[in-house]
Amino acid sequence: MVVDPMNRPLGALRISVTDRCNYRCTYCMPREAFGADHPFLPKDQVLTFEEIERLARVFVGLGVRKIRLTGGEPLLRRELPDLIRELAAIPGLEDLAMTTNGALLAGMADSLRKAGLKRLTMSLDTLDPERFRKLCDTPVPLAQVLSGLEAALAAGFPPPKLNCVMQRGVNEDEVEALAAYARERGHALRFIEFMDVGTTNGWNLDAVVPSAELRARVHARWPLEPVGEPLAGRVAERWRYVDGRGEVGFISSVTAPFCGGCDRARLSAEGRLYTCLFAAEGLDLRGFLRAGHSDGEVAAVLTALWGRREDRYSELRTQATPRLPRVEMSRMGG
Ligand code: SAM
Ligand code: SF4
Ligand code: SF4
């Protein structure tokens, strides 16, 4: 097991398979910054499936047990089930999941499941079609996204978790409606505090709806009780409905940071390795692979990198830190 100086193991890897997306969510890829002239990665700078699989094997050899595919929008990467099939066959890997906006899920759920994907998380910030169009800034209709959820269940996936980014004055009036939707269908809903990721989303503290406030609102309608003790590496505080209708989680990066248990590395679509979501610099693993280095050499570089990891951005956040340089989430992998 590889541990950092704060005794945090390297346990989970998020792999961004593309920096592109078919949405322009205002909190992630605002169109002013990600317009028609945005320099997305050219194909030869994106990791091939062979390179991703090779790196994933090295990571599993160092103790990684969970891999999550993300992006950008992972379902935009052509032939994604081929990559999933390769990753699912890595001995020692216990969990293989994906986060998606769901737009293309209806047509792909079956092939993803057959390829060996175990779990899905889907983003859902609103149940209002017009608000969805504005907030996610996409021509994809909300109904198409919701039918993706149906397709996931029909394909045999466990009910996907739903990620919801709440923003003050944007969608906070939908807390109960989203909770009801998830409860009725057996999805664990996770409210995520609006974060200062990247430098283009105009983040400010006033737009953050603290998890404690959200939890109080859900609890007032459907009483909640905590689910056990938090596990190492788990970012969501989990609560269960006392009436037995499932769970709801809160990811409180801003008001209750969880850096002490953070065991995640992030591999960007261009093959850079980041040890924190708020990092400005990443290690160029693509260059390293393409220069002909062996798996053993890659493992040694990663071990050394994790061995000097001191990231704890969220615990150190102030009003000034959002002005520090950092990589966009869509590029690094959310
Ligand atoms: N495109 C996929 C999706 O939206 O599910 C996967 C990538 S996306 C970057 C991963 C997650 O990050 C999504 O659930 C999204 O809501 C969340 N996210 C993006 N920007 C965020 C922000 N500023 N604060 C909190 N969560 C954010
Ligand atoms: Fe795309 Fe996901 Fe970012 Fe929205 S949150 S812009 S769907 S990558
Ligand atoms: Fe992990 Fe960085 Fe987030 Fe802290 S701020 S939990 S170190 S990714």
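For the structure itself, look to the data block above.
About the cut-offs
- Residues numbered from 1 in each chain as written.
- Chains lettered and ligands numbered in written order.
- Predicted model: local features only at pLDDT ≥ 70, side-chain atom pairs only at ≥ 80, totals over all residues.
- Heavy atoms only, no water.
- Near = heavy atom within 4 Å.
- Nonpolar A, V, L, I, M, F, W, Y, C, P; charged D, E, K, R; others polar.
- Helix = DSSP H or I, 4+ residues; strand = E, 2+ residues; numbered from the N terminus.
- Polar contact = N/O pair within 3.5 Å; in protein donor to acceptor, adjacent residues only side chain to side chain.
- Contact = heavy atoms within 4.5 Å.
- 1 Å grid on protein atoms, 1.4 Å probe; cavity = no way out; pocket = protein on both sides within 12 Å on 5 of 7 lines; lining within 4 Å.
- Points joined across faces, edges and corners; volume = space filled by probe spheres on them.
- Core = buried A, V, L, I, M, F, W, Y, C linked by side-chain atoms within 4.5 Å.
- Buried < 20%, exposed > 50% of the residue type's maximum accessible area, 1.4 Å probe, protein only.

Enquirer: Go over the site of ligand 2 with me, naming the residues and quoting the values.
Expert: Taken together, the neighbourhood of ligand 2 is formed by Cys 21, Tyr 23, Cys 25, Tyr 27, Cys 28, Met 29, Gly 72 and Asn 101. Looking at the shell around ligand 2 residue by residue, the classes come out as six nonpolar, two polar and no charged.

Enquirer: Let's hear about the site of ligand 3: which residues, and what values?
Expert: Close to ligand 3 lie Phe 258, Cys 259, Cys 262, Cys 276, Leu 277, Phe 278, Asp 311, Tyr 313 and Ser 314, which account for all nearby residues. Residues of the shell around ligand 3, tallied by class, amount to seven nonpolar, one polar and one charged.

Enquirer: Break down the side chain of Thr 126 for me, citing the residues and quoting the values.
Expert: Mapped onto the fold, Thr 126 is located in the loop between strand E4 (119-123) and helix H4 (129-136). From its side chain, Thr 126 meets the backbone nitrogen of Asp 128 in a polar contact 2.9 Å long. Not counting residues up to four positions away in its chain, the partners in contact with Thr 126 are Arg 131, Phe 132, Leu 142, Glu 174 and Leu 178.

Enquirer: Give a description of the layout of surface pockets that names residues and reports values.
Expert: Sizing a probe to match a water molecule and rolling it over the atoms shows the empty space that remains. Here the largest pocket is characterised by a volume of approximately 470 Å³. Lining the largest pocket we find 23 residues, and of these Lys 66, Arg 68, Arg 119, Lys 161 and Arg 190 sit closest to its centre. For the lining of the largest pocket, the elements supplying multiple residues, two or more each, are strand E1 (12-16), strand E2 (66-70), strand E3 (95-100), strand E6 (189-193) and strand E9 (247-251). Tallied by class, residues from the lining of the largest pocket come to nine nonpolar, two polar and twelve charged. Space inside the second largest pocket adds up to approximately 350 Å³.

Enquirer: Residue-level account of the nonpolar core, with values.
Expert: Membership of the largest hydrophobic core comes to 107 residues, with the highest contact counts inside it found for Leu 69, Leu 112 and Phe 191. Sorting elements by how many residues they give to this core places helix H1 (residues 49-61) first, with seven residues. Leave out the neighbours within four places in its chain, and Leu 69 touches Ile 15, Val 17, Pro 74, Leu 80, Leu 83, Ile 84, Leu 87, Ala 97, Met 98 and Thr 99.

Enquirer: Give me the lowdown on the environment of Leu 324, citing residues and values where you can.
Expert: Examined against the element boundaries, Leu 324 turns out to sit in the loop between helix H10 (313-316) and helix H11 (329-332). By relative accessible area, which is 44% here, Leu 324 ends up partly exposed.

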